[in-house]
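Residue-level structural notes
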Amino acid sequence: MADHGRADAAGKHILVVNDTEEIIELFRDIIEGMGHRISAMTYASEDLDEVRRIGPDLAILDFLVGGEGRGWQLVQKLRMAPDMASIPIIVCTAAVTTVREQEGWLLQHGVKVVLKPFSVQELETAITKALDLPDLLEA
Amino acid sequence: VGKPAAEVHPVSDNRREALLLRTIRVSALTALQKPMSMDTREALRDRADVLLGDLEAKVILDGGDEETLAAIERTRRDVRG
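Residues numbered from 1 in each chain as written. Chains lettered and ligands numbered in written order. Predicted model: local features only at pLDDT ≥ 70, side-chain atom pairs only at ≥ 80, totals over all residues. Heavy atoms only, no water.

**What about the packing of aromatic side chains?**
Residues and elements named next belong to chain A. This model, assessed by the stated rule, comprises one aromatic pair over all chains. Geometrically, the ring pair formed by Phe27 and Phe118 is stacked, given 6.0 Å between the ring centres and 25° between the ring planes. Of this pair, Phe27 sits in helix 1 (residues 21-33) while Phe118 sits in the loop between strand 5 (111-115) and helix 6 (120-132), and the two are 91 residues apart along the sequence. Residue Phe27 is classed as buried on the basis of its relative accessible area, which comes to 2%. (Phe/Tyr/Trp six-rings, centres within 6.5 Å; stacked < 30°, edge-to-face > 60°. Helix = DSSP H or I, 4+ residues; strand = E, 2+ residues; numbered from the N terminus. Buried < 20%, exposed > 50% of the residue type's maximum accessible area, 1.4 Å probe, protein only.)

Now the structure itself:
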């Protein structure tokens, strides 16, 4: 099983999946400001081996960028891969209706949601909470 | 050691406020560029209004920097289209 470095008390490694450079730069400033490390990946390279290589402590995905379907597919792929199923996931989305429809599945699989637009505090709180619950799926 | 608080805090507060505004602006405007239902679009705009209102109140409490307040108003207009 991959070691995602969760035991480290210092900064965590956070993967941001997004196709918009402006969003990635924004996440970079917020995440690095919190003392964490960021890796960015686009939906064009949604290969799980890339996620495996990065070995993030947390993944943040955007459901609207690249199409909602692709975002869902990546979340489901991550949850189905035994060595990555316990990586905390935050989904950033404006798709309120989709989130409501999928609420049960999201809760069951420990996927947190940050609605767009969001404030810095909302994102920081979600990141902190997600990193505090690394073994949610194993509980 | 270091500068007195009065010299340091306004700078860091301004940087934080700039990040707060940029976050709302970028997360709202990039989302609005994507196809979505009218209801979702309206909900997104309403949510942006609330966040911008909260930030505006904070900026006013911190002394009401005119440049930041003008930037908030510009963002409000851009989000409303």
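**Observations regarding the packing of helix 2 (residues 38-61) of chain B against helix 3 (residues 66-80) of chain B**
Residue and element names in this part refer to chain B. The interhelical angle for the contact between helix 2 and helix 3, taken along N-to-C directions, is 175°, at an axis separation of 10 Å. It follows from the interaxial angle that helix 2 and helix 3 lie roughly antiparallel. For the pair formed by helix 2 and helix 3, the contact residues are Glu42, Arg45, Asp46, Ala48, Asp49, Leu52, Gly53, Leu55, Glu56, Val59 and Ile60 on the first element and Thr68, Leu69, Ile72, Glu73, Thr75, Arg76, Val79 and Arg80 on the second. Here the contact of helix 2 with helix 3 is composed, by residue class, of eight nonpolar, three polar and eight charged. (Axes fitted to C-alpha atoms, helices over the stretch in contact; angles between N-to-C directions. Parallel < 35°, antiparallel > 145°, perpendicular 65-115°, else oblique. Contact = heavy atoms within 4.5 Å. Nonpolar A, V, L, I, M, F, W, Y, C, P; charged D, E, K, R; others polar.)

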